[in-house]
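# Notes for the structure review
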Amino acid sequence: MTQAEFLPACVGFGRRFERAGSAEGRGAPAAEAAPLGNNADLVAAPDILALLPPCGTVTAWMMRAYAREIFTRGCVTPRLRMRWCGSKISKREFGVEVYRRPTLSYGRLGGVCVCGQSLCCPVCAPRIAAFRAAEVAECFKRAASMGYEARLVTFTMPHSLGENLDVLLELQRRAWAIVAHSRSASKRRRYSLGYHLGNEITWGNSNGWHPHKHQLRYDKPGTYCAESDRADWLSALDNIGRKTAGAERRAFDCGTVGDEAGARYVAKLATSVEAQGRAVGSEIASAATKGRNFNSLLRSSFADRDHGATSTWLEGVLVVTSAKLASVRWSRGLRSVVGLSVEEPSDEAVAAETVTEQDQLLGCLTPMQWAGILRHSVEFHLCCAAQNGRSAVNSFLSGLELGQLCDDPASFHVYAGRWDKKLKC
Ligand SMILES: [Zn+2]
């Protein structure tokens, strides 16, 4: 699907869902549920096509709004933070600030919560991946200058269609704990600077969920023994009852990483940035990494109306968020030995929108206006309008019958009380 086809298809998908759902529920014929004219269709679609910001960001914002629809339709618990990513107003804010960003083709919204989910969220995961990949690449450079060599080791285990992801993750956790506490692992640690560990979860139509780990490790030249690492992993698989003939051939993969691009791969591989990640690291990608990740499943659900992908995606998200699984973690002490700040920023802090000095505040939206923007699923369209200044935002808002931007956020407290429960995180 091209960008030109994709964008109009996205506009107003939320309303289509509501109508389809309500018509079905009441048993009413489709014609009765036909939409009345709506300003959002008239105003938003031409604007977004004219402005054409980078496709990746547009898609991510649209997918996040679509994910909210799935959570609502699936009656997912309101306590799930990802359900409110990009929609709820932060606790200490009265409304939503709208900024113009002179250096980019779309503006910024301030005061909206993000979930910081580094594996599943279409917006937070790529942001976190970009940050973590830069840090990993910096660590790779410093480790290389200290004389250490880098390797990417992939640990997988046999799995089959129909197995629950939570069961597979528990088995993987047990196998990993066995390897980490083995005697040969402590020997390997003696000559190692440390490692980054990336969690990747993919889905295949033939074999179901496929959780696996990528370890980017730094060792003194000539000290790492891949055979001993492989034997430890196979022994751990034996212990959890997953050692098969196939596992002996494919459960362990090891290759040297010669450059910074390869190092970045471990951070990007584990997240939604599938295309970029695989392109960058294609030389070290193994057969174990094939399949669809959360981003691909969500896109299939949206673009192909693939109901199987929808339920698979939702099942995976619920397991990953309840297990608090993160994309990339560093081994203890690695940050300090390579001279990086010891305090690792949380995923949530990395994903948060940070207003810069160049950003120009155009005005604020009341909680009620923001609710209207969300109802029409036009958050990104609003960001695009912001690039054309305050008057463009005002005409965009009036096209949706949402009034004008406000200058005084303090006056919002009148509304805030009323909308607190519904719109605040
Ligand atoms: Zn998020």
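Going by the structure above, here's the rest.
It is worth spelling out the sheet that holds strand S2 (residues 108-110) at this point. Strand order across the open sheet formed by three strands is S2-S1-S8, with antiparallel pairing between neighbours. Of all the strands in the sheet, the pair left with one neighbour each is S2 and strand S8 (360-365). With strand direction ignored, the average angle separating the axes of adjacent strands in the sheet is 30°. Sheet topology note: the strand S1 (residues 96-100)/S2 ladder contains three bridges and is antiparallel. The residue bridging Glu 97 from the neighbouring strand is Gly 110, located in S2. Sitting on the sheet, helix H16 (residues 367-376) is in contact with S1, S2 and S8, with an inclination near 95° to S8. Running at roughly 45° to S1, helix H17 (residues 379-386) makes contact with S1, S2 and S8 of the sheet.

Our next topic: the sheet that holds strand S4 (residues 192-204). On the basis of which strands lie adjacent, the open sheet formed by five strands has the order S6-S3-S5-S4-S7 and antiparallel pairing. Here the strands that pair on one side only, and so sit at the sheet edges, are strand S6 (252-257) and strand S7 (328-330). If you compare each strand with its neighbour and ignore which way they point, the axes differ by 20° on average. Bridge count for S4 against strand S5 (residues 208-219) is twelve bridges, and the pairing is antiparallel.

A few words now on the coordination of the zinc ion. In the first shell of the zinc ion, the protein supplies Cys 85 (SG), Cys 115 (SG), Cys 121 (SG) and Cys 124 (SG), at 2.3 Å from the metal. Going along the chain, you hit the donors of the zinc ion in the pattern C-x29-C-x5-C-x2-C. You can see Cys 85 sitting in the loop between helix H4 (55-73) and S1 and its partner Cys 121 sitting in the loop between S2 and helix H5 (124-145), a full 36 residues away along the chain. By the burial criterion, Cys 85 is buried, and Cys 121 matches it.

Core analysis: the biggest nonpolar cluster contains 81 residues, and Trp 313, Trp 370, Ile 373 and Leu 382 have the highest contact counts within it. Ignoring any residue separated from it by four or fewer positions in sequence, one finds Leu 382 in contact with Val 98, Leu 109, Leu 365, Trp 370, Ile 373, Val 393, Phe 396 and Leu 397. Membership of the second largest hydrophobic core comes to 15 residues, among which are Tyr 148, Ala 150, Tyr 218 and Leu 340.

Moving on to the pattern of salt bridges. Evaluated as defined, the whole model comprises 21 salt bridges. The closest approach of N and O atoms between Arg 230 and Glu 227, which form a salt bridge, is 4.0 Å. You can see Arg 230 and its partner Glu 227 sitting in helix H8 (residues 226-239), three residues apart, about one turn around the helix. Given a relative accessible area of 24%, Arg 230 falls into the partly exposed group.

A few words on the pairing of S4. For S4, the tally of buried residues reaches eleven of 13 residues, placing the bulk of the element in the interior. Where S4 folds back on S5, the antiparallel hairpin that results is connected by three residues. Pairing analysis gives three bridges linking S4 to S7, with the strands arranged antiparallel. Of the residues in S7, the one forming a bridge with His 196 is Trp 330.

A pair of packed helices can be characterised by two numbers: the angle between their axes and the separation between those axes. Orientation of helix H6 (residues 165-180) relative to H8, taken along the N-to-C sense of each, is 135°, at an axis distance of 9 Å. Looking at the two axes, H6 sits oblique to H8. For the pair H6 and H8, the crossing hand works out as right-handed. Judged by residue contacts, Ala 175, Trp 176, Ile 178 and Val 179 of H6 engage Asp 232, Trp 233, Ala 236 and Asn 239 from H8. Within the contact of H6 with H8, the residues separate by chemical class into six nonpolar, one polar and one charged.

Another point: H16. Structurally, the α-helix is built with 3.6 residues per turn, so residues lying three or four positions apart point the same way. Most of H16 sits out of view: eight of its ten residues are buried. Listing the buried residues of H16 in full gives Pro 367, Gln 369, Trp 370, Ala 371, Gly 372, Ile 373, Leu 374 and His 376.

Bringing unusual backbone geometry into the picture now. In this structure, Cys 75 is a non-glycine residue whose phi angle is positive, near 50°. For Cys 75, a relative accessible area of 67% corresponds to the exposed category. We note that Ser 377 has phi near 55°; this positive angle belongs to a residue other than glycine. Along the polypeptide, Ser 377 turns up in the loop between H16 and H17. Since its relative accessible area comes to 6%, Ser 377 is described here as buried.

Conventions adopted
- The residue numbers shown here count from 1 along each chain, following its written sequence.
- Only residues with pLDDT of 70 or above have their local features reported here, since the model is predicted, and side-chain atom pairs are shown and tallied only from 80 upward, although totals for entire chains, interfaces and linings are computed over all residues.
- The basis for every side-chain value is the complete set of non-hydrogen atoms in the structure, without hydrogens or water.
- Only strands joined by at least two bridges in the DSSP assignment are considered to pair.
- In this description a helix means any DSSP run of H or I spanning at least four residues, a strand means any run of E spanning at least two, and both kinds are numbered starting from the N terminus.
- As a rule, the C-alpha atoms of each element are fitted with a line to give its axis, helices using only the stretch in contact, and angles between N-to-C directions run from 0 to 180 degrees.
- In what follows, a contact means two residues having at least one pair of non-hydrogen atoms within 4.5 Å.
- Each metal's donors comprise the N, O and S atoms found within 2.8 Å of it (within 3.2 Å for Na, K or Ca). Water is not part of the atom list, so some coordination spheres may appear incomplete.
- Each residue's exposure class comes from its accessible area (1.4 Å probe, protein chains only) as a fraction of the maximum for that residue type: buried when under 20%, exposed when over 50%, partly exposed otherwise.
- Only buried residues count toward a nonpolar core, which is a set of Ala, Val, Leu, Ile, Met, Phe, Trp, Tyr and Cys residues joined through side-chain atoms within 4.5 Å.
- The term salt bridge refers to a side-chain nitrogen of Lys or Arg lying within 4 Å of a carboxyl oxygen of Asp or Glu.
- Note on terminology: angles under 35 degrees are roughly parallel, angles over 145 are roughly antiparallel, angles of 65 to 115 are roughly perpendicular, and the others are oblique.
- Crossings are sorted by hand: turned counterclockwise from the far helix by less than a right angle, the near helix makes the crossing left-handed, and turned clockwise it makes it right-handed.
- For this classification, the nonpolar set comprises Ala, Val, Leu, Ile, Met, Phe, Trp, Tyr, Cys and Pro, the charged set comprises Asp, Glu, Lys and Arg, and every other residue, Gly included, is treated as polar.

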